[in-house]
Amino acid sequence: MRDATEEQAAEAVGLALAAQPAWAARPVGERAAILRGIADLYETHAAEFFALATREAGKTLADGIAEVREAVDFLRYYANEARQAEKDTAARGVIVCISPWNFPLAIFTGQIAAALVTGNTVIAKPAEQTSLIAARAVVLMHEAGIPQDVIQLLTGDGPTVGGPLTADPRIAGVCFTGSTEVARLIEGQLARNAAPDAMLIAETGGLNAMIVDSTALPEQAVRDIVASAFQSAGQRCSALRMLYVQKDVEKRVLEMLEGAMHALTVGDPWEISTDVGPVIDSEALEGIAGYNRRMTDQGRLITALDAPQGGRHVAPAAFRVSGIDELEREVFGPVLHVASFDADAIDEVISAVNAKGYGLTFGLHTRIDARAQHIIDRVHAGNIYVNRNQIGAIVGSQPFGGEGLSGTGPKAGGPHYLRRFRRAIPDTVASAEGSVLSTDFVASLMPQRDGAWVGRSDRLAALRRLLRGKATEAMAAAAALDQGPVDLPGPTGEGNTLMLTPRGAVLCLGADEPALLAQAVQALAVGNVVLAVHPDASRILKPLLGQGLPVAAADGVIDPASLKSLPLDAVAAGGDDGWLRALRLALAGRSGPIVPLITEALYPAAYVHERAICVDTTAAGGNASLLAAV
């Protein structure tokens, strides 16, 4: 295969742009039928994909089977969901899909399928390490009926291909899985060059933790620890990195963990007996092995396996640390960190995990339902698993994606994903003009996060009483958004639910009166705290002010530069492109998580995080010996 050049990347965008209107004009049922045809072809060629996954990505045979299953699930799930995303929206245009090497077929396919079925054209840039799998998948997509210019494959590295694609002003969005640092770079490029409402969906990994308390069944916990930390050689963004074990059971759990680790077979991924295969390349090998040597030299080693000679094998290892505070970065391999905690310090553990700023997966082993709910309510993670491992999310059952430093949302394989690939037709509204307010003054007005407001079940009713017939469309949109818990499908013995939680502090900027009120209403309805800044904010929001709601108003306009430092989690704004671009550029200059600029007038799902909770319901009480066998 020949890698693309920068000139070919520009040419591909032009071809995709020209092909997009005709593709979007095809009925959604036709586009969905083609996705189902691709799924059928994937299954027909499954053995070929198994072999490519092992050859290119070093996947074990079991992981290769799961890879194809997930890709097929994405195709069929999005085909079934597509019609719901069409209402009152339009396709965005050209979407650049940048996928990783650790799920070279599943994530690659999921990104593309979502963009295609919603009427967009796609330029797919796979990881350099796994371009053969991507190429074979695109051949089958074309065979199933996707036109050549509607899905184009460009292989190559980031600087030569990925960078020029994401910086092209003609694209309408980027779907990306990779590092937080690269996601920030992409957001900066979109803010500078693309339309202000250009889409970014980024899934960016994390420092994933698990807590094992004294009531957990040790055999079950250890089984799930080993799978979460070492399956796929630890090369999953969902993998367990930080294990907390209650001191009362620490000795027994670690003894069992050491025994279970030494029962693993590290070796050739072509052998069906292999549990842990190689890491992706020599750079990964050197980085992980070097980290393990440093930790061993510091006297942190709990136990490690012997790595086979030759090849790119890293011995699975467990190291002692005081807690997640010690972890400076994610080590993307078969490396587990272990700490202990006192029974009365479990809230301190949750606070430490949350303080790192990541929020992808979290695991918990306990047989106390009240404790499980207590932790679920407090931990900031997109996917929470109780009494099972924390990897292997199933499309449609455990929608996958994080928050904070772990991603932007919405969750892949969930009911809110496809809508993000479409956009409402915007109204042209002039930007508001008025006195510029100082950053310190605006910051002083931001309401504190309000747990009481979040916990109220009558938020919509309270808003309706105060508004007395105003903002009816925003109220209807918010009412139509089911914040859950919503039951999702799953096997007997497993409970899957989806909940929507508020983002936190939302800054609403208008531009006109209906827009400002609609933004504030949607943000409040789903549980956020709101600060509205607009030349006439106090009058527009008068029905809501002074009524015990977490909302404040400031008359004036904001200096976009102040967005770099204000304590906020989302910004909602309308106006001309110049104003919106200035806002997005300022947000892109922030450190920490990517803060979204919400430009659609009615889009309540943009004001929430999604939390998927999966519980092994067989592990709540009952016969312990039977639980161990499940």
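Residues numbered from 1 in each chain as written. Predicted model: local features only at pLDDT ≥ 70, side-chain atom pairs only at ≥ 80, totals over all residues. Heavy atoms only, no water.

A. Fine view of helix 1 (residues 6-25). Across its 20 residues, helix 1 extends 30 Å between first and last C-alpha, which sits within 8% of the 28 Å expected from 1.5 Å per residue. The sharpest bend along helix 1 reaches about 35° and sits at alanine 19, with the proline proline 21 one to four residues further on. For helix 1, the full list of buried residues reads Ala9, Ala12, Val13, Ala16, Ala19, Gln20 and Trp23. (Helix = DSSP H or I, 4+ residues; strand = E, 2+ residues; numbered from the N terminus. Expected span 1.5 Å × (residues − 1). Bend = angle between axes of the 7 residues up to and from the residue. Buried < 20%, exposed > 50% of the residue type's maximum accessible area, 1.4 Å probe, protein only.)

B. Structural context of the sheet that holds strand 19 (residues 529-534). Spatial strand order, 20-19-18-22-23: five strands in an open sheet with parallel pairing. Looking at which strands have only one partner, the edges of the open sheet turn out to be strand 20 (551-555) and strand 23 (597-598). Each of strand 18 (505-508), strand 19, strand 20 and strand 22 (570-572) is contacted by helix 18 (residues 513-525), which is oriented at about 170° to strand 19, the strand it contacts most. (Pairing = 2+ DSSP bridges. Contact = heavy atoms within 4.5 Å. Axes fitted to C-alpha atoms, helices over the stretch in contact; angles between N-to-C directions.)

C. Looking closely at the packing of aromatic side chains. Summed over all chains, the structure comprises six aromatic pairs. Through a chain of ring-to-ring contacts, three or more aromatic side chains come together here, namely Phe74, Tyr77, Tyr78, Tyr417 and Phe421. Lying over the aromatic face of tyrosine 603, arginine 419 brings its terminal NZ or CZ to 4.3 Å of the ring centre. (Phe/Tyr/Trp six-rings, centres within 6.5 Å; stacked < 30°, edge-to-face > 60°. Lys NZ or Arg CZ within 6 Å of the ring centre and 35° of its normal.)

D. Looking closely at the pairing of strand 7 (residues 208-212). A large share of strand 7 lies buried, amounting to five of its five residues. Of the two faces of strand 7, the one carrying Asn208, Met210 and Val212 and the one carrying Ala209 and Ile211 are both buried. Since strand 7 and strand 8 (residues 240-246) lie parallel, the crossover through helix 9 (residues 218-230) that links them has a hand, and here it is right-handed. Relative to strand 12 (residues 361-365), strand 7 is paired through four bridges, and the arrangement is parallel. (Right-handed = clockwise from strand over helix to strand, strands pointing away.)

E. Structural detail: helix 16 (residues 459-467). Of the residues making up helix 16, those classed as buried are Arg459, Ala462, Leu463 and Leu467. Considered in projection along helix 16, the buried side chains sweep an arc of 125° and stay on one side of the axis. On its buried face, helix 16 is in contact with helix 15 (451-455), helix 17 (472-480) and helix 18. One or two residues past the end of helix 16 sits arginine 468, with phi positive at roughly 50°. (Arc of directions from axis to C-beta.)

F. Local environment of the side chain of threonine 118. Along the polypeptide, threonine 118 turns up in the loop between helix 5 (106-117) and strand 3 (121-125). Discounting residues that sit within four places of it in the chain, threonine 118 has contacts with Arg31, Glu86, Ala91, Leu418, Phe421 and Arg422.

G. Structural view of the packing of helix 3 (residues 46-57) against helix 6 (residues 131-144). The contact between helix 3 and helix 6 brings their axes to 9 Å, and the two run at 155°. As far as their axial angle goes, helix 6 and helix 3 are roughly antiparallel. For the pair helix 3 and helix 6, the contacting residues are Glu48, Phe49, Leu52, Ala53, Arg55 and Glu56 in the first and Ser131, Leu132, Ile133, Arg136, Ala137 and Leu140 in the second. Partitioned by chemical class, the residues of the contact of helix 3 with helix 6 number seven nonpolar, one polar and four charged. (Parallel < 35°, antiparallel > 145°, perpendicular 65-115°, else oblique. Nonpolar A, V, L, I, M, F, W, Y, C, P; charged D, E, K, R; others polar.)

H. Representation of the packing of helix 12 (residues 346-355) against helix 13 (residues 369-378). Axis separation between helix 12 and helix 13 bottoms out at 10 Å; the angle between their running directions is 25°. Between helix 12 and helix 13, the interaxial angle falls into the category roughly parallel. The hand of the helix 12/helix 13 crossing is right-handed. Across the interface between the two elements, Ile346, Asp347, Ile350 and Asn354 of helix 12 pack against Arg371, His374, Ile375 and Arg378 of helix 13. A per-class count over the contact of helix 12 with helix 13 returns three nonpolar, two polar and three charged. (Left-handed = near helix turned anticlockwise from the far one by under 90°.)

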